[in-house]
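Here are the chains, one letter per residue:
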Amino acid sequence: MEHVLWRVLPLLTILVSFGVFFYLQDSYKAQLYPLIKLPEDKCSLLPHSHFWISSKRIVTPQGIISGSVEINEGKIASVIEGYGKQGKSMQEEVIDYGDAVVMPGLIDVHVHLDEPGRTEWEGFDTGTRAAAAGGVTTVVDMPLNNHPTTVSKETLELKLEAAENKIYVDVGFWGGLIPENALNTSILEGLLSAGVLGVKSFMCPSGINDFPMTTIDHIKEGLSVLAKYRRPLLVHAEIQQDSKNHLELNDIGDPRAYLTYLNTRPPSWEEAAITELVGVTKDTRIGGPLEGAHVHIVHLSDSRASLDLIKEAKGHGDSLSVETCSHYLAFSSEEIPNGDTRFKCSPPIRDAFNKEKLWEAVLEGHIDLLSSDHSPTVPELKLLEEGDFLRAWGGISSLQFDLPVTWSHGKKYGVTLEQLSLLWSKKPATFAGLESKGAIAVGNHADVVVWQPEQEFDLDDDYPVFLKHPSLSAYMGRRLSGKVLDTFVRGNLVFKDGKHAPAACGVPILAK
Ligand SMILES: NC(=O)N[C@H]1NC(=O)NC1=O
Ligand SMILES: [Zn+2]
Ligand SMILES: [Zn+2]
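Report on the accompanying structure. (Residues numbered from 1 in each chain as written. Chains lettered and ligands numbered in written order. Predicted model: local features only at pLDDT ≥ 70, side-chain atom pairs only at ≥ 80, totals over all residues. Heavy atoms only, no water.)

For the rest of this paragraph, the subject is helix α5 (residues 185-193). Buried within α5 are the following residues: Leu188, Gly190, Leu191 and Leu192. Where α5 is buried, its residues meet α3 (153-163), β9 (175-176), α4 (179-183), β10 (199-202) and α6 (216-229). Looking one or two residues past α5, glycine 195 carries a phi angle of roughly 120°, positive in sign. (Buried < 20%, exposed > 50% of the residue type's maximum accessible area, 1.4 Å probe, protein only. Helix = DSSP H or I, 4+ residues; strand = E, 2+ residues; numbered from the N terminus. Contact = heavy atoms within 4.5 Å.)

Spelled out as structure tokens, the structure:
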């Protein structure tokens, strides 16, 4: 017996050391690349990659149906009408949502995630957790408030590095059009070739030093390049109209009064910018010198003259679109308390009549899509204690509440679930060039929000808010209806009942 043991022992030693070697190799790899390949089971709160979700209210391009959606390996494999009629053999892999609404995940094309460089303002981790919690399955990140701004191939690479393994939803990127790259088109082409979905520019000071404003001539230069790539130009359309800008504090009035701020940025600023823009978009018509280029006006607030100009240009066939944001649809200037700088944004929130007209334009289809313009900062810069509207940071923190806010307010105007889904998913997907997203349709990414429109909730201290600085959000303290239950991104259950998946498995989206 002893004899045999002595013979086997060297063999055993060799075997064990091989095992230890491979084990160490593995853990060495895991340490070296712990962030590159995350275990798939951490991407989702569900163990399956092939499953069904069923509901009595599924919002599809063909209307609302009662039935089931089959999800396989991140894509929508089939959509079947008839509640409870999905494949019997898969009974254990059916999630039955009853009468909760199953809708395409929201695509928010106007979000400032501020990373790298200003992660203390928001960041990929907190921003995309907030998105997932709000049923937003894709965000497109703006090229500013991060530092450096995203205005070249190199600065886009910094974005991509910073986003790695921190994003809970899919993230696309807008680049920036500034005088420097408008006048040096090789920088702009480098940025576009590197994969930004389009570029954004400001016609007034942006508030960020390394993001200077563009004139209409820069915009024309930019559009001639964008026409070749068939990617859009997004414009912050306000042009300063008089010498009283918001930094000249004398003689303007009480800086704590919202009206004082409102008067510093009248609708004529938007109208002036849009007048210049439609002078150029006429060239984007079929057969025109800028055919292939597209202009998108971000965050329209003025629903009077500015909107009329847009309608007219569209009527002539200009390649032009426009978005408005949740806060212009939810609030009016009359109700903003003096000193409450959480409501400061630009262009400003205008009066109640303006809001009514904005809703009218949304419901009639003159406003193409909705976005948040989520743009937080640190509490110190919001000057909440001083309540100084003229010096506080302009930007509203809202990403997590896109859906409940627009639903709660929109239902008073008769907005339907189909309209919401068009405005928040299908139209933004088409606009940003995201072909496989934005609708519950076979072959598309399984990006889905499950929510309960009738359920009301209070945004109080007990509510799980994933924004970096919840206290800055103008929505805190409100009662909303439309609670997000579950969120799927490419078939991964990334958010459920207040909890996120263990790993951040969103992917960056680059244009090809
Ligand atoms: N820089 C930046 O985020 N600006 C945004 N904030 C805002 O209120 N309007 C904007 O354009
Ligand atoms: Zn803007
Ligand atoms: Zn913005």
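As a further point, take the packing of aromatic side chains. Applying the stated rule across the entire model yields 14 aromatic pairs. Ring geometry for tyrosine 258 versus tyrosine 261: centroids 6.1 Å apart, planes at 65°, classification edge-to-face. Taken together, the residues tyrosine 258 and tyrosine 261, both in helix α7 (residues 258-264) and 3 residues apart, mark about one turn of the helix. Using a relative accessible area of 2% as the deciding quantity, one classes tyrosine 258 as buried. (Phe/Tyr/Trp six-rings, centres within 6.5 Å; stacked < 30°, edge-to-face > 60°.)

Here we take up the pairing of strand β7 (residues 136-141). Of all 6 residues that make up β7, 6 are buried, and the element is covered over most of its length. One ladder, built from 4 bridges, connects strand β6 (residues 106-111) with β7; its direction is parallel. The residue bridging aspartate 108 from the neighbouring strand is valine 139, located in β7. Crossover handedness for the path β6 to helix α2 (residues 124-133) to β7: right-handed. As paired elements, β7 and strand β8 (residues 170-173) share 4 bridges and run parallel to each other. Bridge assignment links aspartate 141 to a residue of β8, and that residue is phenylalanine 173. (Pairing = 2+ DSSP bridges. Right-handed = clockwise from strand over helix to strand, strands pointing away.)

Taken together, His110 (NE2), His112 (NE2) and Asp373 (OD) make up the protein donors of the zinc ion (ligand 3), found 2.1 to 2.2 Å from the metal. One chain supplies every donor to the zinc ion (ligand 3), and in sequence these donors are spaced H-x1-H-x260-D. Exposure remark for aspartate 373: the relative accessible area of 8% places this residue in the buried category. (Donors = N, O, S within 2.8 Å, 3.2 Å for Na, K, Ca; no water.)

Attention shifts here to the coordination of the zinc ion (ligand 2). Those donors, His236 (ND1) and His299 (NE2), are the protein atoms that reach the zinc ion (ligand 2), and they lie 2.1 Å from it. Distance-wise, the zinc ion (ligand 3) is placed 3.8 Å from the zinc ion (ligand 2). Of this pair, histidine 236 sits in strand β11 (residues 232-236) while histidine 299 sits in the loop between β12 (294-297) and α9 (305-315), and the two are 63 residues apart along the sequence. Its relative accessible area of 2% is what places histidine 236 among the buried residues. On the basis of relative accessibility, which here comes to 3%, the residue histidine 299 falls in the buried class.

This next bit is on the environment of glycine 477. Position of glycine 477 relative to the elements: it lies in the loop between β15 (448-458) and β16 (479-489). Residue classification places glycine 477 among the exposed residues on the basis of a relative accessible area of 66%.

With 102 residues, the main nonpolar core has Val139, Val199, Leu223, Leu277, Ile349, Phe401 and Trp451 as its most contacted residues. Those residues in contact with phenylalanine 401 that lie beyond four places of it in its chain are Leu459, Tyr463, Val465, Leu467, Ser473, Tyr475 and Met476. Ranked by size, the runner-up nonpolar core spans 19 residues in total, among them Phe51, Ile58, Ile71 and Leu493. (Core = buried A, V, L, I, M, F, W, Y, C linked by side-chain atoms within 4.5 Å.)

If you check the shell around ligand 1, you find 14 residues, and the closest are Asn145, His236, Ser346, Ser375 and Gly394. At 2.9 Å, a side-chain N or O of asparagine 145 approaches an oxygen atom of ligand 1. Between ligand 1 and the protein, one listed contact pairs a nitrogen atom with a side-chain N or O atom of aspartate 373 at 3.5 Å. In the complex, 98% of the free accessible area of ligand 1, which totals 290 Å², lies under the protein chains. Here the shell around ligand 1 is composed, by residue class, of 4 nonpolar, 9 polar and 1 charged. (Near = heavy atom within 4 Å. Polar contact = N/O pair within 3.5 Å; in protein donor to acceptor, adjacent residues only side chain to side chain. Areas by Shrake-Rupley, 256 points an atom, 1.4 Å probe, with all protein chains shown as cover. Nonpolar A, V, L, I, M, F, W, Y, C, P; charged D, E, K, R; others polar.)

By the definition in use, this model includes 1 cavity of 30 Å³ or more. By volume, the largest cavity amounts to about 40 Å³. Across the lining of the largest cavity, the residue classes break down as 6 nonpolar, 3 polar and 1 charged. (1 Å grid on protein atoms, 1.4 Å probe; cavity = no way out; pocket = protein on both sides within 12 Å on 5 of 7 lines; lining within 4 Å. Points joined across faces, edges and corners; volume = space filled by probe spheres on them.)

Moving on, we get to the environment of histidine 327. Positionally, histidine 327 belongs in helix α10 (residues 326-330). Residues histidine 327 and serine 301, 26 residues apart in the sequence, show an inter-C-alpha distance of 9.5 Å.

Turning next to the pattern of salt bridges. Within this structure, the stated rule accounts for 23 salt bridges. One salt bridge in this structure joins aspartate 125 and arginine 129, with 3.2 Å as the shortest N-O distance. Taken as a pair, aspartate 125 and arginine 129 lie in helix α2 at a separation of 4 residues, close to a single helical turn. Overall, the relative accessible area of 29% leaves aspartate 125 in the partly exposed class. When the shortest N-O distance is used, the salt bridge between arginine 285 and aspartate 318 registers 2.6 Å. Taken together, the positions of arginine 285 in the loop between α8 (267-281) and β12 and aspartate 318 in the loop between α9 and β13 (320-325) put the pair 33 residues apart, joining distant regions of the chain. Here aspartate 318 falls in the buried class, since its relative accessible area comes to 7%. (Salt bridge = Lys/Arg side-chain N within 4 Å of Asp/Glu carboxyl O.)

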